[in-house]
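Spelled out, the chains give:
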Amino acid sequence: MVKRRIIAALLAFVILANLAGCEGVAKKFRRKKKEKPKVPRIVQTKKYEKKPSIELYEKHYVYWMTWQSELISVLGKNNKKDSRCINEIVGNLKDMQNILVKEKADGLERHIKRLESVRDTIVRAAMGPASKDNIRITLEREDRLIKTDFSPKKMRNYLKKSFDEDESESKAEGT
């Protein structure tokens with residue numbers, strides 16, 4: 001009788017072990033295959049060269065005009081908006097300046113300096129009614145002057161041949 005109970009218990013243990021399985025334990029100790037990192041495949045169909053073009057100048061010119069008119073229309077209503085507008089204005093003017101040859105870029109520099117002084121006033125949030133009017137007058141004057149002197153139609157013949165033209169000029173002057 002005792003033998004039967006031992007055999008029955010052993011048989012029950014084997015059946016339970018088969019039902020529950022030891023897969024979890026075996027899986028835990030199995031070596032896992034190392035996965036190779038997948039390298040993304042990038043196919044470059046055409047090599048692009050960055051060089052100044054009238055289209056690029058026009059793009060920055062239009063962006064500048066848009067931000068300039070936006071700032072003139074909303075000046076003083078929201079300081080964060082004013083700061084964003086003046087930063088975009090100065091940034092686009094500098095991009096336009098980078099596309100132009102040295103003598104025209106120097107002509108644009110004085111307009112950038114004036115607008116940077118306006119930016120300093122706006123960022124400091126030191127705009128009273130008098131300074132707000134002064135800033136508006138400055139913005140409108142610079143808008144007229146830049147549109148008159150630096151329109152894409154007039155600048156078509158004053159574009160650099162390449163963006164690293166200044167570097168090659170400075171190297172030539174240094175030798």
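Note: the structure precedes this text.
What you are looking at is a predicted structure, and each value in this text was computed from that prediction instead of being measured.

Enquirer: Help me out: how do you make sense of the overall build of the protein chain in this one?
Expert: From N to C terminus, the protein chain includes eight helices and zero strands. For the protein chain, the succession of helices and strands along the chain, N to C, is α-α-α-α-α-α-α-α. When each of the 175 residues of the protein chain is scored for burial, the buried share is 27%. Taking as baseline every contact in the protein chain between residues at least 6 positions apart, the subset at least 24 positions apart corresponds to 75%. Counting only carbon and sulfur atoms, one obtains 56% of the accessible surface of the protein chain, whose full area is about 13600 Å².

Enquirer: Would you take a moment to explain the packing of helix α5 (residues 102-123) against helix α6 (residues 129-149) for this structure?
Expert: The axes of two packed helices give the description: the angle between them and the distance between them. Two numbers describe how α5 lies on α6: the axes approach to 11 Å, and their chain directions differ by 155 degrees. Taken together, the axis directions place α5 and α6 in an arrangement best described as roughly antiparallel. At the point where α5 passes α6, the crossing takes the left-handed sense. Listed contacts from α6 to R110, H111, R114, L115, V118, T121 and I122 of α5 are I135, T138, L139, R141, E142, L145, I146 and D149.

Enquirer: Any chance you could explain the nonpolar core here in plain terms?
Expert: Soluble globular proteins: nonpolar side chains tend toward being buried together. In this structure, Y57, L93 and L139 are the most contacted members of the largest nonpolar core, which totals 28 residues. Those residues within four positions of L139 in sequence are excluded, and the remaining contacts are Q68, L71, I72, L75, I86, L115 and V118.

Enquirer: How should a nonpolar patch on the surface be read in this particular structure?
Expert: Taken together, M1, V2 and I6 make up a surface patch of nonpolar side chains, about 370 Å² in accessible area. Among the secondary structure elements, V2 is positioned in helix α1 (residues 2-20).

Enquirer: I tried to follow the pattern of salt bridges on my own but got confused; where do I start?
Expert: Two side chains with opposite charge may pair up if their charged atoms get near one another. Counted according to the given criterion, the structure contains ten salt bridges. Put simply, E70 and K81 hold a salt bridge, and the shortest N to O gap is 3.2 Å. In this pair, E70 is assigned in helix α3 (residues 54-74) and K81 in helix α4 (residues 79-99), connecting sequence segments eleven residues apart. Here K81 falls in the partly exposed class, since its relative accessible area comes to 32%. R114 is paired through a salt bridge with E142; the nearest N and O atoms lie 2.7 Å apart. With a gap of 28 residues between them, R114 in helix α5 and E142 in helix α6 connect regions that are remote in the sequence. In this structure R114 comes out as partly exposed when scored by relative accessible area, which is 31%. Take E142: its relative accessible area is 0%, and that puts it in the buried class.

Enquirer: Got a minute to help me understand the packing of aromatic side chains in this structure?
Expert: The relative placement of two aromatic rings is captured by the distance of their centres and the angle of their planes. One pass over the structure, following the stated rule, counts two aromatic pairs. Note on Y57 and Y61: the rings are 6.4 Å apart at their centroids and 20 degrees apart in plane angle, and the pair reads as stacked. Taken as a pair, Y57 and Y61 lie in helix α3 at a separation of four residues, close to a single helical turn. With respect to class, Y57 is no different from Y61; both count as buried. The interplanar angle of 45 degrees and the centroid separation of 5.6 Å between the aromatic rings of Y61 and W64 together place this pair among those described as tilted. A residue pair is termed a helical-turn pair when its members lie 3 or 4 positions apart in one helix, as Y61 and W64 do in helix α3 at three residues. Assessed through its relative accessible area of 8%, Y61 is described here as buried. Aromatic rings pair up to connect Y57, Y61 and W64 into one cluster. Cation over ring: K104 sits above Y158, and NZ or CZ is 4.6 Å from the ring centre.

Rules of the game
Residues numbered from 1 in each chain as written. Predicted model: local features only at pLDDT ≥ 70, side-chain atom pairs only at ≥ 80, totals over all residues. Heavy atoms only, no water. Helix = DSSP H or I, 4+ residues; strand = E, 2+ residues; numbered from the N terminus. Buried < 20%, exposed > 50% of the residue type's maximum accessible area, 1.4 Å probe, protein only. Contact = heavy atoms within 4.5 Å. Areas by Shrake-Rupley, 256 points an atom, 1.4 Å probe, with all protein chains shown as cover. Axes fitted to C-alpha atoms, helices over the stretch in contact; angles between N-to-C directions. Parallel < 35°, antiparallel > 145°, perpendicular 65-115°, else oblique. Left-handed = near helix turned anticlockwise from the far one by under 90°. Core = buried A, V, L, I, M, F, W, Y, C linked by side-chain atoms within 4.5 Å. Patch = residues over 30% accessible without salt bridge, like charges linked within 9 Å, V, L, I, M, F, W, Y side chains within 5 Å. Salt bridge = Lys/Arg side-chain N within 4 Å of Asp/Glu carboxyl O. Phe/Tyr/Trp six-rings, centres within 6.5 Å; stacked < 30°, edge-to-face > 60°. Lys NZ or Arg CZ within 6 Å of the ring centre and 35° of its normal.

In short, the description is geometric, and any link to function would need to be established separately.
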